[in-house]
Amino acid sequence: MVRAHLSVTTLRKLIEMKMIPCISVHRNLTCLHHALGGIRWKSSYRQAPLLTAAPARGLIDEPISVKGRFLPPHCPVTVCAQMHSEDGDLWEAFGHYNTTSDGTVSLTRDHSVGGSYLGCEPMGLFWGLQPAPGARKGLRLRKKNVETPFVVHVSLLDGHVSPSERQSTELAAVTTERWYMAPGVRRIEIRQNGVVGTLFLPPGPGPVPAILDLWGMGGGLVEYRAALFASRGYASLSLAYLGHKDLPAPRNRINVGDSYFKTAFHLLQDHPQVCADRVGIIGLSFGVYLTLRLATQPDISPSCLICINGPVGSTVTLSDADGRTEQFESDQKYWVFDDDGYVSFKALSLPANLAPETIVKIEKLTCPLLCIVGEDDLSSSSIECANLMEETLRAAGKHQLFTCLSYPGAGHLIEPPYTPNSRASLWSVKPVKQITLWGGHLASHAAAQEDAWKKTLEFLETNLRC
C-alpha cells in the first residue's frame, strides 16, 4: 500500500522543481487525499520501551523506584539487576512481572510472580542480589572503598527468563549508583596514640553527635556503616582491633586491651567537631562484647549503646585481665559443622559456655541500650544473650534502659538496609579454607534490616542529638 507521507514527499519535490505551482499545494494535497481513497494518516513510529530508576544516584539506605513504560499490555517481562563486586564477581537478582493494561510495570506497585523474590518488593532487586550461577563459593558482598559507589545495571527483558541464561533481548536498561558516603562527608584515616581507624565527619562545622563503630572477629577495618552514619549526620569512628597490618601481630588474636578502646572513645569524644556528651557505641557480633565491656569502664560514659547479635562475654580465651585474647582457632570445643562442612560458632556464645570471668557486669550500665536480635542467627546465641541482658538490668532496677528488637527469619549479619544477606560465607583461608554459617532467609532478613535501621536512626535521634 502506498503511504500518504511518501506521496506528499514526492509532491513537495515536484513543487521545488516548479512543476507544480506553490499556490496549488493545498489543492493538490486535497486531490491526493481523494485520489488515495481518503486514507487515514498513520505513523509507523512507536515509542520504544523505557526503564527508569529514581533516584539514579542515592545512598544505600534510600529506596529506589523502578518503572517500565511503553510496553505491550498484559505481557510477561523480567526486571533484572546485575553488578560486579570490587573483587570482580557478578551478582544478580531478577523478578518476573506482568505488565498492566496500560503497558507499564512498577516495582512499588506490582507483584513478582517468580525469580529471586515473590510479591510486591520494591527493593527486591537490591536485597535479592546473589552470586551469579557458577560463581566462587562463600562470597559475601561488602563495600571496601566507600569513596566509590556500587554501580547496578537494571534491565528489562522480554518474557519470564533467567538473566544468566540470556534467553531474551534486553528491551531497556538504566544504571543506578548506590553510595555509603553522601556528598560533603569527609573520610579521615586515624593513626594516633596507637589507635587504628577511620573517622567520618558529616558536612558542616559541627559540633555533632558521634558513634564509635565496632565490628566482629572478621577483623580488619570495616568502614561502610560508619560512612553511612556520617551521611546521616553523625561523626563516626570505625575502629580496627584485630587482623589489621597497623596493629600488633599476630593477626589471629586481639593484641590490644581496654586502654586501646578507651583511647579511641576519648579521641572521638575530644574531637572539636563532636559533642563530647553525645557519643554512642555500636557493636555487631564480637563487637557487642567489646561495646558492653567498654561501656562499663569507670571513666567511659557513652550516651547510648546498640548491640547487634553478639555475646555478653568473650567467646575467646582471654590471655590477660585487660581483654587481650588467645588465638581464635585455639578453642574449637563448641564449633559445630553441618553436612556441607560449614561451621557454626553459635554454641560458643551461649552464656553457660562463656568463661564466667569474661561476662560483662551489665548491671553497671547507665545509658539506654538497643539490642537487635536475628532469631535465625547461626553464628551467635543472640536470643539467649539478649535475655541475659534484660534479666540482669531488670534485677538491677534498670529495665527502662533496655529495648529489644527481635526478628524471625533474620540471621547474624543485620546491616544497613537494601543490601543482600549471605547465609554462609568464607571465613578463613589459613590454616584451612573454612566457610561459616550466618543464617537468615533473604526476604525475612531484608525486612529486618529495613526496620532495624529505621529504628536505629530513631534511637540515635532520641539519645544523641544535641
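Everything below is about the structure printed above this text.
Computed from a predicted structure; not experimentally measured. (Residues numbered from 1 in each chain as written. Predicted model: local features only at pLDDT ≥ 70, side-chain atom pairs only at ≥ 80, totals over all residues. Heavy atoms only, no water.)

Turning our attention to the packing of helix 5 (residues 258-269) against helix 6 (residues 286-295). Direction vectors running N to C along helix 5 and helix 6 enclose 80°, while the axes themselves pass 10 Å from each other. Classified by the angle their axes make, helix 5 and helix 6 are roughly perpendicular. Between helix 5, through D258, F261, K262 and F265, and helix 6, the contact on the second element is made entirely by L290, R293 and L294. The class makeup of the residues in the contact of helix 5 with helix 6 is four nonpolar, no polar and three charged. (Axes fitted to C-alpha atoms, helices over the stretch in contact; angles between N-to-C directions. Helix = DSSP H or I, 4+ residues; strand = E, 2+ residues; numbered from the N terminus. Parallel < 35°, antiparallel > 145°, perpendicular 65-115°, else oblique. Contact = heavy atoms within 4.5 Å. Nonpolar A, V, L, I, M, F, W, Y, C, P; charged D, E, K, R; others polar.)

Turning our eyes to something else, we now look at the packing of aromatic side chains. Under the definition given, this model contains ten aromatic pairs. A ring pair is formed by Y180 and Y224, whose centres lie 5.3 Å apart and whose planes are at 50°; its orientation type is tilted. Taken as a pair, Y180 in the loop between strand 9 (170-179) and strand 10 (186-192) and Y224 in helix 4 (residues 224-231) lie far apart in primary sequence, 44 residues in all. Under the relative-accessibility criterion, Y224 is labelled buried at 3%. Here the guanidinium or amino end of R465 rests over the ring plane of Y234, the centre of that ring lying 4.4 Å away. (Phe/Tyr/Trp six-rings, centres within 6.5 Å; stacked < 30°, edge-to-face > 60°. Buried < 20%, exposed > 50% of the residue type's maximum accessible area, 1.4 Å probe, protein only. Lys NZ or Arg CZ within 6 Å of the ring centre and 35° of its normal.)

What follows covers the sheet that holds strand 15 (residues 304-308). Note on sheets: strands pair through backbone hydrogen bonds, and any given pair is parallel or antiparallel. Taken in spatial order, the eight strands of this open sheet run 10-11-13-12-14-15-18-19, and their pairing is mixed. Of all strands in the sheet, those with a lone pairing partner are strand 10 and strand 19 (402-407), marking the two edges. Pairwise comparison of adjacent strand axes, ignoring direction, gives a mean angle of 20° for this sheet. Here four bridges tie strand 12 (residues 208-214) to strand 13 (residues 235-239), and the two strands are oriented parallel to one another. Considered in strand 13, the bridge of A210 is made with A235. Across the face of the sheet, helix 7 (residues 382-395) comes into contact with strand 18 (369-374) and strand 19 while running at roughly 155° to strand 18. (Pairing = 2+ DSSP bridges.)

Time to look at unusual backbone geometry. Here G206 and P207 are connected by a cis peptide whose omega angle stands at 5°. Of note, P207 is situated in the loop between strand 11 (195-201) and strand 12. Here A249 and P250 are connected by a cis peptide whose omega angle stands at -5°. Backbone geometry at S285 places phi at a positive 60°, although glycine is not the residue there. Within the fold, S285 resides in the loop between strand 14 (274-284) and helix 6. Residue class for S285 comes out buried when judged on its relative accessible area of 17%. If you check the backbone angles, Y418 has positive phi at about 65° while not being a glycine. The residue Y418 is located in the loop between strand 19 and strand 20 (424-428) in this model.

So, on to the sheet that holds strand 8 (residues 150-158). Spatially, six strands are ordered 2-9-8-4-5-7 in an open sheet, and the strand pairing comes out mixed. Looking at the sheet topology across the chains shown, the edges are occupied by strand 2 (57-59) and strand 7 (130-131). Where strand 8 meets strand 9, eight bridges bridge the pair, whose relative direction is antiparallel. In the sheet register, V154 faces strand 9, and the bridge partner there is V174.

The subject of this paragraph is the environment of S116. Examined against the element boundaries, S116 turns out to sit in the loop between strand 6 (105-106) and helix 3 (124-127). For S116, a relative accessible area of 25% puts it in the partly exposed group. Measuring from C-alpha to C-alpha, the distance between S116 and A93 comes to 5.6 Å, with 23 residues separating the pair along the chain.

Attention now moves to the pattern of salt bridges. Summed over the entire model, instances satisfying the criterion amount to 22 salt bridges. Between R278 and D277 there is a salt bridge; the shortest N-O distance is 3.4 Å. Of the charged contacts, one joins D451 and K455 as a salt bridge, the two residues approaching to 3.1 Å between their closest N and O atoms. Of this pair, D451 and K455 are both found in helix 8 (residues 442-464), four residues apart, which corresponds to roughly one turn of the helix. Since its relative accessible area comes to 33%, K455 is described here as partly exposed. Where salt bridges share partners, they join D61, E62 and R232 into one cluster. (Salt bridge = Lys/Arg side-chain N within 4 Å of Asp/Glu carboxyl O.)

For strand 18 and strand 19, the ladder comprises six bridges, and the chain directions are parallel. Considered in strand 19, the bridge of V373 is made with S406.

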